[in-house]
Amino acid sequence: MTNTLALKQAFESAFVSSKLVGHRLLSFFNNSEKLANTCLTQFIENKPNSRVLCIGVEATGWLPITSSTYISAKQYRHYLGHEFDLIIFNGKKQFHPDAFAALAGTLRAGGLFVCTMPAKVKWSDYTDEDKLRCSQWPEQGGFTSYFLCRLKNQVESFSLHNRVLDFNQDDETAALSSLQRLQAVLTQSSKHQNTEDSWHQNSTATAEQAGFIDLVSQIKDHQAFVLTADRGRGKSSVLGMAIAKIKLLNPEKSVIVTAPRKDCVAQIQAWQQQGRGKSATLPFFAIDEIITKRPKAQCLIIDEAAAIPFEQLKQLTEQYPQIIIATTLHGYEGSGQGFSQKFMRFLAANKSLIEYKLYQPIRWQQGDKLERFCNQAFLLATEQKQLLRLDDCDLSTLTFNRYSKLSLLNDEKKLCAIFSLLIEAHYQTTPADLRYIMDSPNLIVFTAELDDELIAVSLISKEGNIDADLALEIARGRRRVAGHLTPQTIAAQLGEVEFCRHANWRVVRIAVLEQFRQQHIASKLLAYIEQQANNSQISYMATSFGAAASLVNFWQQNDYQLVRLGLSREKTTGEFSALMLKTLTSNFNSLIAQLVNNCAYQLSYHQNLSYQSVCREQLAAWQSTLRQQQTFPLLNFEKQHLNHFAFHFANLASTRALIAKLLSMLNRSHISVESYSLLEAIARGDNETKLVQEFAFTGKKQLTQNARLATGEALNQLKTLL
């Protein structure tokens with residue numbers, strides 16, 4: 001028998017056996033297109049009606065698949081809740097950790113997950129599209145990927161224990177040997193299950209699901225049910241069945257659903273219709289629509305709640321008497337434990353809270369190897385072990401450390417502890433962050449520790465040192481480079497280019513173990529980081545975050561000054577963003593003072609416009625950090641920013657307040673009636689839609705063009721007056 005024929009038979013046996021035990025197969029093909037083709041051809045022959053999802057794969061490529069769904073890695077969220085038999089993931093093009101981990105949860109028992117990669121020896125130096133995401137100008141990915149080094153170690157470890165198929169360089173002999181070892185393991189698992197029947201997915205509710213359905217179908221006013229589950233536990237199906245039973249018991253009860261994206265709830269609606277018939281509807285409303293328009297309903301369903309900012313969740317739950325919430329907590333859907341740490345406490349204080357968790361997977365059998373690989377490779381199920389108690393610790397022995405990528409690669413325990421703490425403390429911690437931590441050459445990891453146990457962690461991004469010509473192009477709105485959030489924001493949104501030319505460190509994240517908070521540990525860690533920055537000739541520190549009052553106060557206490565507030569709420573936090581700076585050299589004192597002055601003026605201008613929904617406490621915190629600021633005529637960088645708008649491509653939103661200041665220095669006779677009227681309406685705060693209608697423009701593009709011309713006219717006239 002030839003190797004090829006033996007391989008086909010071995011693949012077929014593996015597919016049949018994995019289905020029998022209810023597991024999925026994960027196969028890495030490293031520069032092994034021929035073997036991959038053999039594997040896929042055999043799978044399709046074995047399951048001709050398979051649902052196939054291809055990520056980053058060209059439809060005209062070498063793969064023997066015709067009727068498939070082809071998507072890019074960044075589109076993965078649209079397919080959560082769906083089910084597939086075969087997933088082909090082009091890791092060679094882009095190894096997107098979030099897409100890999102999330103879509104693995106859509107694969108059914110007996111399914112095959114194929115990941116194509118370059119030759120193993122190239123993994124560490126290979127530049128895929130996701131590696132470029134971790135790059136910062138002027139780098140172009142020419143650095144070691146410690147994330148892929150670690151992934152390679154994980155693949156080889158799982159392969160050694162026959163949990164993953166790892167094929168290299170089209171080596172048929174080695175491939176056959178791997179398949180035979182895997183087959184032996186699967187056969188043993190089948191015997192251990194003590195059944196000759198193939199594992200199958202239930203089409204009706206499991207006992208665990210039925211318990212939730214019975215419980216939630218009796219929901220009453222002022223109650224909130226929270227359902228949590230990892231991927232593959234049937235969260236969407238049980239929600240749909242539960243809603244169907246609620247409507248069966250009480251046909252007049254109005255139920256609506258919301259989620260971060262409409263496609264999140266497609267499976268819920270499908271299961272609900274299955275239980276109540278095609279005529280039954282479950283209306284979907286976007287989160288913003290519910291908050292602003294308040295559609296009438298007795299019961300609100302919120303899916304993937306951990307991906308929704310706290311303030312929005314709070315508003316949603318306050319508007320309806322009955323609340324059913326469902327979410328995954330680990331990994332790629334958003335906020336990690338920020339949901340349970342903050343929102344659950346609020347919910348418990350304001351509603352009668354009932355929590356329910358689904359443990360049993362329904363798409364595959366417990367102990368599935370693909371799920372175990374994803375949990376370990378992407379640290380999805382990592383939880384911080386509470387080994388230390390505050391009362392037992394001497395905080396004077398706290399030590400501070402800086403970790404290189406290589407040291408994290410070689411210290412799995414420390415890496416797990418760091419990532420676990422970030423998941424617990426922050427919104428939007430996903431596997432993509434793990435790659436960023438491991439790969440980005442501009443990211444530094446600092447920790448605070450007691451007896452080698454992690455107490456706090458901070459991620460620092462190195463920024464700046466942008467040459468003057470490029471900085472000017474950024475300020476003019478003509479260029480944007482990867483990374484460098486702080487200097488680019490100051491240049492593009494405020495008009496000041498000096499910060500681009502100097503090196504700065506930005507605090508990306510800082511987190512402290514819950515039981516050690518309120519002990520000034522974060523401030524001590526910041527002080528250590530600033531000392532290290534001084535030693536590295538860094539000019540200033542920066543941080544950007546959702547501007548909640550408590551956070552603004554914390555950074556102010558650590559001598560950071562507020563220099564900019566965003567003009568719209570961030571999707572990730574539901575807050576307006578804040579940018580705060582701290583100078584490490586006297587050269588920047590005057591410049592930062594001017595930025596603070598500008599921020600105070602902007603806050604005063606926008607208080608009844610962009611910030612009219614901001615609560616009194618938050619507004620007071622912002623004003624406190626900006627106290628005793630005078631209103632000056634146009635500062636030099638403000639004039640520059642107006643010039644960048646009038647004669648280049650700076651945006652209108654960032655110049656509105658400055659247009660108001662400019663207009664206060666002129667009178668109607670200085671410029672044309674048309675220009676003055678337009679600038680007056682802009683300064684008044686009329687939104688762009690109203691301005692387009694009021695001045696009969698064809699659209700926002702013509703509005704901006706005319707606003708630039710009017711601003712240029714006003715600036716030229718101002719020069720003649722000064």
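Treat the numbers as computed from the prediction; the structure is a model and nothing was measured.

As a further point, take the sheet that holds strand β11 (residues 352-358). Read from one edge to the other, the open sheet built from five strands follows the order β8-β9-β10-β7-β11, with strand pairing classed as parallel. Edge positions in the sheet fall to β8 (255-258) and β11, since each has one partner strand and no second. When strand polarity is set aside, the average angle formed by the axes of neighbouring strands in this sheet is 15 degrees. In the sheet, strand β7 (residues 223-229) pairs with strand β10 (residues 322-327) via six bridges, with the strands oriented parallel. Directly across from Gln223, in β10, lies its bridge partner Gln322. Across the sheet, helix α11 (residues 310-319) is in contact with β8, β9 (299-303) and β10; its angle to β9 comes to roughly 160 degrees.

With respect to the secondary-structure elements, Ser539 resides in the loop between α19 (521-535) and β16 (540-546). In this structure the side chain of Ser539 is engaged in a polar contact, spanning 3.5 Å, whose partner is the side chain of His502. Apart from residues no more than four positions distant in its own chain, Ser539 is found in contact with His502, Ala503, Thr583, Leu584, Thr585 and Phe588.

Another aspect to go through is the environment of Phe346. Structurally, Phe346 can be placed in helix α12 (residues 338-350). Judged by relative accessible area, Phe346 falls into the buried class, the value being 13%. For the pair Phe346 and Leu313, spaced 33 residues apart in sequence, the C-alpha to C-alpha distance is 10.0 Å. Ignoring sequence-local partners within four residues, the contact set of Phe346 consists of Phe310, Lys314, Thr317 and Glu318.

To continue, consider the packing of aromatic side chains. Counted according to the given criterion, the structure contains 34 aromatic pairs. Each ring, one from Phe28 and one from Trp123, has its centre 6.2 Å from the other, and the planes form 50 degrees; the classification is tilted. Note that Phe28 is positioned in strand β1 (residues 25-30) and Trp123 in the loop between β5 (107-117) and α4 (129-133), a separation of 95 residues in sequence. Residues Phe28 and Trp123 agree in their burial class; the two are buried. Every member of this aromatic cluster is reached through a ring pair, and the members are Phe28, Phe89, Phe95, Phe100, Phe113, Trp123, Phe147, Phe158, Phe373 and Phe378. Between Lys120 and the ring centre of Trp123, over which it is positioned, the NZ or CZ distance is 5.8 Å. Its guanidinium or amino end placed over the ring of Phe143, Lys131 lies 5.0 Å from that ring's centre, counting from NZ or CZ.

Burial runs high along strand β13 (residues 443-450): eight of the eight residues are buried. Across the two faces of β13 the burial is the same, with Leu443, Val445, Thr447 and Glu449 and Ile444, Phe446, Ala448 and Leu450 all buried. In terms of strand pairing, β13 meets strand β14 (residues 453-464) through eight bridges, oriented antiparallel. Opposite Thr447, over in β14, you have Val457 as the bridge partner. Linkage of β13 to β14, two consecutive antiparallel strands, is achieved through a turn of two residues, within which Asp451 is found at a positive phi near 50 degrees.

Here the structure, examined in full by the defined rule, presents 35 salt bridges. Notably, a salt bridge pairs Glu156 with Lys152, separated by 3.9 Å at the nearest N-O pair. Of the two residues, Glu156 and Lys152 are both situated in helix α5 (residues 146-160); the distance of four residues between them amounts to about one turn of the helix. When its relative accessible area of 34% is taken as the criterion, Glu156 is described as partly exposed. The class of Lys152 is partly exposed, set by a relative accessible area of 23%.

This part covers the pairing of strand β18 (residues 576-583). Of all eight residues making up β18, seven are buried, and the element is well covered by its neighbours. Here β16 runs beside β18; their pairing, made up of seven bridges, is antiparallel. Note that in β18 the partner of Ala542 across the bridge is Leu581. Bridge analysis of strand β17 (residues 561-569) against β18 gives five bridges, and the strand direction is antiparallel. Looking at the pairing, Arg564 lines up with Leu579 of β18. As consecutive antiparallel partners, β17 and β18 are separated by six residues, and within that stretch Gly574 has a phi angle of approximately 75 degrees, a positive value.

About the criteria used
- Residues numbered from 1 in each chain as written.
- Predicted model: local features only at pLDDT ≥ 70, side-chain atom pairs only at ≥ 80, totals over all residues.
- Heavy atoms only, no water.
- Pairing = 2+ DSSP bridges.
- Helix = DSSP H or I, 4+ residues; strand = E, 2+ residues; numbered from the N terminus.
- Axes fitted to C-alpha atoms, helices over the stretch in contact; angles between N-to-C directions.
- Contact = heavy atoms within 4.5 Å.
- Polar contact = N/O pair within 3.5 Å; in protein donor to acceptor, adjacent residues only side chain to side chain.
- Buried < 20%, exposed > 50% of the residue type's maximum accessible area, 1.4 Å probe, protein only.
- Phe/Tyr/Trp six-rings, centres within 6.5 Å; stacked < 30°, edge-to-face > 60°.
- Lys NZ or Arg CZ within 6 Å of the ring centre and 35° of its normal.
- Salt bridge = Lys/Arg side-chain N within 4 Å of Asp/Glu carboxyl O.

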